[in-house]
Amino acid sequence: MALKTLSAKAAAALDKELMSTGAFSIDQLMELAGLSVSQAVYRVHPPSRGRRILVACGPGNNGGDGLVAARHLRHYGYQPTIYYPKRSKNDLYERLVKQLEDLEIPFADDFPSALKSADHIVDAIFGFSFSGEVREPFPAVIQALGETKLPVTAVDAPSSWNIEEGPPKSGVGSAFNPDVLVSLTAPKPLVKHFKGRHFIGGRFVSPTIAKKYDFELPEYEGIDQVVEVGAGGQKL
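Keep in mind the model is a prediction, meaning the values are calculated, not measured.

Inspection of every chain in the model, using the stated rule, returns eleven salt bridges. Arginine 87 serves as the salt-bridge partner of glutamate 101, at 4.0 Å between the closest nitrogen and oxygen. You can see glutamate 101 sitting in helix 4 (residues 91-102) and its partner arginine 87 sitting in the loop between strand 2 (79-83) and helix 4, a full 14 residues away along the chain. The partner of aspartate 91 in a salt bridge is arginine 95, and the shortest N-O contact between them spans 2.9 Å. With aspartate 91 and arginine 95 both in helix 4, this residue pair falls four residues apart, about one helical turn. Taking the relative accessible area as the measure of exposure, aspartate 91 reaches 48% and is therefore partly exposed. Residue arginine 95 is classed as partly exposed on the basis of its relative accessible area, which comes to 35%. Where salt bridges share partners, they join Asp27, Asp91 and Arg95 into one cluster.

Listed below in structure tokens is the structure:
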């Protein structure tokens, strides 16, 4: 049986509700989301497979999740590098960057060069709120993600994919299908087009909220922040 999915509109409404009646701050939600992503990376690419993790971050919340994940990965013993070409001036993001700088995590200016010395890539460029055309400098980055032989873990959505309809038919992102997807809170409709390993993360939703938005909470085990489910959102 396929897991129920959450549309982009519903996901935005759920986030808004979590930060109002749910009493969460955006810092908390981003921290928990990034922690989930870091655990998924550890699960699929333990340090023994290579410690060099390239984290590609976009200018919005998805990029923030990537910055948080990189901090946790550094504490796990990895050697992350950040590609973050469009930095937000928001205080939250500036603090996340400062935390990474204090850990001496390098920031790369050139994505192709950084790609040559990576073992695994985290795609944290665009999330569920993405729509429209991919703007510079990201078209070449997403094309490189589609062409690389390195494993790629995407945060919430493969960048450039339509949240409802999946990968574009042509152009930027049409050849991009990452190895791993970490759906935050709940899978989005695009998962029916995804073929790789699929995790759900974000262990902060109450049963009441899940019922209101008509999706099921996964059964997290122990201290895990992620649960692996089948490709396309099928239950394992």
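And the narrative resumes.
A few words on the UniProt feature "domain: YjeF N-terminal" (unreviewed entry) in the protein chain. Here the UniProt feature "domain: YjeF N-terminal" (unreviewed entry) sits at residues 11-216. For the annotated span residues 11-216, helix accounts for 37% and strand for 16% of the residues, and the straight-line distance between the end C-alpha atoms is 14 Å.

By size, the foremost hydrophobic cluster in this structure holds 43 residues, and its most contacted members are Leu6, Phe111, Ile125 and Phe215. For this core, the secondary-structure elements that each account for two or more residues are helix 1 (8-18), strand 1 (52-57), helix 5 (111-116), helix 6 (138-147), strand 5 (152-155) and helix 7 (207-212). Those residues within four positions of leucine 6 in sequence are excluded, and the remaining contacts are Ala11, Leu14, Ala186, Pro187, Lys188, Pro189, Tyr213 and Phe215. With 31 residues, the next largest nonpolar core counts Val55, Leu67, Ala69 and Leu92 among its residues.

This next bit is on helix 6. Buried within helix 6 are the following residues: Phe138, Pro139, Val141, Ile142, Ala144 and Leu145. Looking at the buried positions of helix 6, the neighbouring elements they touch are strand 1, strand 2, helix 5, strand 4 (120-124) and strand 5.

Turning to the sheet that holds strand 6 (residues 180-184), a few remarks are in order. Read from one edge to the other, the open sheet built from eight strands follows the order 3-2-1-4-5-6-7-8, with strand pairing classed as mixed. In this open sheet, the two edge strands, each paired with only one partner strand, are strand 3 (107-108) and strand 8 (226-229). Across five bridges, the pairing between strand 6 and strand 7 (residues 197-201) is parallel. Paired with leucine 184 across the two strands is glycine 201, which belongs to strand 7.

With four of five residues buried, strand 7 lies mostly within the body of the structure. Of the pairings in the sheet, the one linking strand 7 to strand 8 comprises four bridges and is antiparallel in character. Bridge pairing links glycine 201 to valine 226 in strand 8.

The rules behind each value
Residues numbered from 1 in each chain as written. Predicted model: local features only at pLDDT ≥ 70, side-chain atom pairs only at ≥ 80, totals over all residues. Heavy atoms only, no water. Salt bridge = Lys/Arg side-chain N within 4 Å of Asp/Glu carboxyl O. Helix = DSSP H or I, 4+ residues; strand = E, 2+ residues; numbered from the N terminus. Buried < 20%, exposed > 50% of the residue type's maximum accessible area, 1.4 Å probe, protein only. UniProt positions renumbered as here; feature names shortened; annotations may be inferred. Core = buried A, V, L, I, M, F, W, Y, C linked by side-chain atoms within 4.5 Å. Contact = heavy atoms within 4.5 Å. Pairing = 2+ DSSP bridges.

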